[in-house]
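# Breakdown of the fold
Next come the chains, spelled out residue by residue.
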Amino acid sequence: MKQTIKKAMSILLAVTFFFSSFALGISNVNQVGFALKAEAAETLKNGVCGDNLTYTLNLETGDFTINGTGEMYDYEVLASVPWFYSRSSIKKVIINEGVTSIDSPSFCDCENLTSIVIPKSVTKIGYGSFGGSLKLNNILVDENNKNYSSDGSSILFNKNKTEIICFPAGLEKTSYSIPESVMKIGDCAFQICTNLTSVTIHNNVTSIGSYAFDTCENLINIIIPDSVNYIGNYAFQNCTALSFLHIPSDVSSIGLEILDDSSAYICSDTYNCLAKEYADENGIEFRLCDGNHSDNTPENPVTTQPTTKPATILSTAPSTIRPTSVPTTTRSTEISTTKPAVTKPSTTRPAEDNTTTTTQPQTDNPSDNGGEDSIVRAIIEFFENATMKIIGFFTWILDIITSGFESLSDLIA
């Protein structure tokens, strides 16, 4: 009798141990599966960026892709861009056929962005769209695009190359000669191009846009030709290596604080010009000089004041370093007193789209660290659950053994 009871208890314990181990194994597999799913979900970030446009950012490869048709939303400030907190993860922007516009702040300050692919369908690119992306060295425009071109030079122009739109800040060129076909240097065209020390502007250029050479910290040699009649707001601000700026006497419009945070002086070939009035009004040294020479030794000290008082110049800078509009072709004969404004469309942006891929989209936030937190949480939860199951299993076994011994003692007794 005792032998039979012992065998029955042994079989019962073996069966119990087998099924408990099997259940624990299944639980472990599920936990690993959940961890893998969490990792996959953190690899991709998805959302909407237009009425019919979606975007996907692969955090592993750095590829940022826009799909769909139509225009991107018009984001008023950089912080309102959906991928604002993931900008550092973007390495390559691929805009697929069907997209018709690229909004101004969309890819500003993407510190690891190196290349942008623009299809033939794009008809509008906002000024300064890629400003502050200091590693950007390649802009590739589809050769069939009717509005823009790059022609393998990695520099963005309009189609017929009468306007230079973006000189990538990551190009290693230290000097650059603007093509003779160019008539307009666009807003932010050379913004934060810190590698450049010399830029040649040919006599066909008539307009230099706002922020055109903003923060070109190593620029020491640039001559504005006599053909230029308009210089936009903050065009040469933070050009700290620039010792002088020659402004032609025929310039009819000068924007706000074009030499803000620069110790350069202004020179021209006559006292009777807007450049002299502008220098006096802004407390900038003025000299007579020949714009083709860099020594610019003053021929005569300037002691007289202009006979006509220019318009008041704003003494404070706007709250953003991004231009809000494109200069018009109609030039004022007085110094600009206000920065051109632009009315933004009241486009309502829908919430991020959760149906673009099979993985769940993740909302960007300041603590985004590429999915590592979710993986760590999954691993911790896995070990916590496994530990609890093991403890529960051995507690259950102990209860069975205790009950078995009590029953055995009763039978023996």
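Residues numbered from 1 in each chain as written. Predicted model: local features only at pLDDT ≥ 70, side-chain atom pairs only at ≥ 80, totals over all residues. Heavy atoms only, no water.

## Thoughts on the sheet that holds strand S14 (residues 198-200)
If you walk across this open sheet you meet the 3 strands as S12-S14-S16, and the pairing is parallel. The sheet terminates laterally at strand S12 (175-177) and strand S16 (221-223), the two strands that pair on one side only. The mean inter-strand angle of the sheet, taken between neighbouring strand axes irrespective of direction, is 15°. As paired strands, S14 and S16 are joined by 3 bridges and run parallel to one another. Considered in S16, the bridge of Val199 is made with Ile222. (Pairing = 2+ DSSP bridges. Helix = DSSP H or I, 4+ residues; strand = E, 2+ residues; numbered from the N terminus. Axes fitted to C-alpha atoms, helices over the stretch in contact; angles between N-to-C directions.)

## A few points about the confidence of the model for the chain
Summary statistics for the chain give a mean pLDDT of 76 and a share of 63% for residues scoring 70 or more. At the low end of the mean pLDDT range in the chain sits helix H1 (residues 2-43), at 53; at the high end sits strand S13 (residues 184-185), at 98. In this model, residues 293-371 is a region of pLDDT below 50 whose contacts with residues beyond four sequence positions or in other chains number 158 contacts. (pLDDT = per-residue confidence, 0-100. Contact = heavy atoms within 4.5 Å.)

## Focus: the sheet that holds strand S15 (residues 207-208)
Adjacent strands of a sheet pair through backbone hydrogen bonds, lying either parallel or antiparallel. The sheet built from 7 strands is open, its strands ordered S9-S10-S11-S13-S15-S17-S19 with mixed pairing. The strands lining the two open edges of the sheet, one partner per strand, are strand S9 (148-149) and strand S19 (253-254). In the sheet, strand S11 (residues 163-166) pairs with S13 via 2 bridges, with the strands oriented parallel. Residue pairing in the sheet places Ile164 in a bridge with Ile185 of S13.

## Let's talk about the pairing of strand S6 (residues 115-118)
Looking along a regular strand, one sees side chains alternate from face to face of the sheet. Sheet analysis places strand S4 (residues 92-95) next to S6, joined by 3 bridges and oriented parallel. By the bridge assignment, Ile94 is partnered in S6 with Val117. Relative to strand S8 (residues 138-141), S6 is paired through 4 bridges, and the arrangement is parallel. Paired with Ser115 across the strands is Asn138, a residue of S8.

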